[in-house]
Amino acid sequence: MTCPDFDWKGFVLDELPAPERRRMEEHLQSCAACRQEVESYGLTITAMHRLPVREIPRRISFVSDPVFEPNWWQRFWASAPRLGFASAAMLSLAIVVHAFATRPPAPVATAANAQVEQKIQAEVERRLPAAVDAALEAKVQAKLTPVMTEFSGRLQEFEKKSRDQRNADLRDISSAFDVLQKKVNNVYLSAARYGGD
Ligand SMILES: [Zn+2]
């Protein structure tokens, strides 16, 4: 339930003459319903100000009354430097509060610290992919290097072994050949000795 004779929208938008405004402020002291209405208008207006402001088409604003004409701060708020201004203001506020907060921990610093942390987080996220790539590369390199070293060691070992093996085989073959030749010689010798032919 609200009291119908008050223009709370106009009150929130600060469009009312001072006496009317004073009367309404007095009423607000004793009326919870109107306080609630004012609060909800305040929230709505805050939410509306966060929406992107689009330029009103010329033809409509031409036929409409100056209600549509934005006041100076609305024009400022809708202007291009808004974001730059807002973020610069927030950053400097965060820096100032952070500077104060680093000495004695004040409760007011929590929000600003969260903002600073968000900025750090964003920066970390921005740099993370490259860092991950580098770390991964280093990790792969670290894992790969001993494997490659071991592999080339094994390869050399294998080459040496097979070379040695071949030499051993050759030695075996030549000694076997020697043995065979000696046997053949003995056969010839004994044939010559006993055959006497
Ligand atoms: Zn009321």
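Everything below is about the structure shown above.
Residues numbered from 1 in each chain as written. Predicted model: local features only at pLDDT ≥ 70, side-chain atom pairs only at ≥ 80, totals over all residues. Heavy atoms only, no water.

It is worth spelling out helix H2 (residues 18-30) at this point. The end-to-end C-alpha distance of H2 is 19 Å, a good match for the 18 Å that 13 residues give at a rise of 1.5 Å each. Listing the buried residues of H2 in full gives Met24, His27 and Leu28. What you see down the axis of H2 is that its buried residues fit within an arc of 105 degrees, all on one side. What points out from H2, more than 90 degrees from its buried face, is the exposed set Pro19, Arg22, Glu26, Gln29 and Ser30. In this fold, the buried residues of H2 make contact with helix H1 (8-12) and helix H3 (32-50). (Helix = DSSP H or I, 4+ residues; strand = E, 2+ residues; numbered from the N terminus. Expected span 1.5 Å × (residues − 1). Buried < 20%, exposed > 50% of the residue type's maximum accessible area, 1.4 Å probe, protein only. Arc of directions from axis to C-beta. Contact = heavy atoms within 4.5 Å.)

Okay, the nonpolar core next. Formed by Phe6, Trp8, Phe11, Leu16, Met24, Leu28, Cys31, Cys34 and Val38, the largest nonpolar core amounts to 9 residues. Broken down by secondary-structure element, the contributors of at least two residues to this core are H1, H2 and H3. Residues within four places of Trp8 in sequence aside, it is in contact with Cys3, Met24, His27, Leu28, Cys34, Glu37, Val38 and Tyr41. (Core = buried A, V, L, I, M, F, W, Y, C linked by side-chain atoms within 4.5 Å.)

This part is about the pattern of salt bridges. Counted according to the given criterion, the structure contains 4 salt bridges. Residue Arg23 pairs with Glu20 through a salt bridge whose shortest N-O separation is 3.4 Å. Taken as a pair, Arg23 and Glu20 lie in helix H2 at a separation of 3 residues, close to a single helical turn. In this structure Glu20 comes out as partly exposed when scored by relative accessible area, which is 23%. We note a salt bridge from Glu25 to Arg21, for which the minimum N-O separation is 3.6 Å. (Salt bridge = Lys/Arg side-chain N within 4 Å of Asp/Glu carboxyl O.)

A cluster of nonpolar side chains, contributed by Ile120, Val124, Leu128 and Val132, occupies part of the molecular surface with about 320 Å² of accessible area. Among the structural elements, Leu128 can be located in helix H7 (residues 109-195). (Patch = residues over 30% accessible without salt bridge, like charges linked within 9 Å, V, L, I, M, F, W, Y side chains within 5 Å. Areas by Shrake-Rupley, 256 points an atom, 1.4 Å probe, with all protein chains shown as cover.)

Turning our attention to unusual backbone geometry. For Asp14, which is not a glycine, the phi torsion comes out positive at approximately 60 degrees. Assignment of secondary structure puts Asp14 in the loop between H1 and H2.

Scanning all chains against the criterion turns up 2 aromatic pairs. Ring centres of Phe6 and Trp8 lie 5.3 Å apart, and the angle between their planes is 55 degrees; on these two criteria the pair is classed as tilted. Given a relative accessible area of 12%, Phe6 falls into the buried group. Taking 5.3 Å as the distance between ring centres and 85 degrees as the angle between the ring planes, the aromatic pair formed by Trp8 and Phe11 counts as edge-to-face. With a gap of 3 residues between them, Trp8 and Phe11 both fall in helix H1, about one helical turn apart. For the pair formed by Trp8 and Phe11, the shared burial category is buried. (Phe/Tyr/Trp six-rings, centres within 6.5 Å; stacked < 30°, edge-to-face > 60°.)

That's the geometry; what it means functionally is another story.
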